[in-house]
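Remarks on the overall topology
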Amino acid sequence: MLWPDPAQRDRLVEIRGNLLARIAEADREGWFGEVEGLQVSLAGAEDKLAQLDAEQTRRGTAVDLGMPTFAQIAIRTSDVEEPAP
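This section reports on the structure supplied with the text.

Conventions used here
Residue positions within a chain follow its written sequence, with the count starting from 1. Under the rules for a predicted model, residues below a pLDDT of 70 receive no local features and side-chain atom pairs below 80 are neither given nor counted, while totals for whole chains, interfaces and linings still include all residues. For the side-chain quantities, the full set of heavy atoms in the structure was used; hydrogens and water were omitted. What counts as a helix is a DSSP run of H or I of at least four residues, what counts as a strand is a run of E of at least two, and both are numbered from the N terminus. The classification of residues rests on relative accessible area computed with a 1.4 Å probe and restricted to protein chains. Under 20% of the type maximum is buried, over 50% is exposed, and intermediate values are partly exposed. Two residues form a contact once any of their heavy atoms are found within 4.5 Å. Buried Ala, Val, Leu, Ile, Met, Phe, Trp, Tyr and Cys residues form a nonpolar core when they are joined through side-chain atoms within 4.5 Å. Every definition here rests on a 1 Å grid over the protein atoms only: cavities are sets of points where a 1.4 Å probe fits but cannot get out, pockets are open sets enclosed by protein on both sides within 12 Å along at least five of seven lines, and lining residues have some atom within 4 Å of a point. Grid points are joined across faces, edges and corners, and a volume is the space filled by probe spheres set on the points. Each residue is assigned to one of three groups, with Ala, Val, Leu, Ile, Met, Phe, Trp, Tyr, Cys and Pro labelled nonpolar, Asp, Glu, Lys and Arg labelled charged, and all others, Gly among them, labelled polar.

Next up on the list: the overall build of the protein chain. Helices and strands together make up the secondary structure of the protein chain, namely three helices and zero strands. When each of the 85 residues of the protein chain is scored for burial, the buried share is 14%. Within the protein chain, contacts between residues at least 6 apart in sequence are counted, and of these 57% link residues at least 24 apart.

Here we come to the nonpolar core. Leu19, Ile23, Ala26, Val35, Leu38, Leu42 and Ala45 together form the largest nonpolar core, which totals seven residues. Going through the elements one at a time, α1 (9–29) and α2 (32–60) are the ones with two or more residues in this core. With four residues, the top contributor of residues to this core is α2.

With that settled, consider the layout of surface pockets. Taken as a whole, the largest pocket holds about 160 Å³ of empty space. As for the largest pocket, its lining consists of Trp3, Pro4, Pro6, Arg9, Gln51, Leu52, Asp53, Glu55, Gln56 and Arg59. By residue number, the principal contributor to the lining of the largest pocket is α2, which donates six residues. Tallied by class, the residues present in the lining of the largest pocket amount to four nonpolar, two polar and four charged.

This is how it looks when you write it as structure tokens:
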């Protein structure tokens, strides 16, 4: 599967808008076969935008690996008793 480049998101939004305008024109002119083909292209563009949004959401979400933090494993010097002389 080809993943869209996040830098091209604005271009995909522009393509989607153009497809919507072309679908409206084809519908108005009665070009029903053209409408169907454009709707397939529109579904593809919207799918790519959804992939970009999902990837952005995944990258923005932190994953807890269950590893202890440094503060949890480090011994503080104030907690350690000094050895008896």
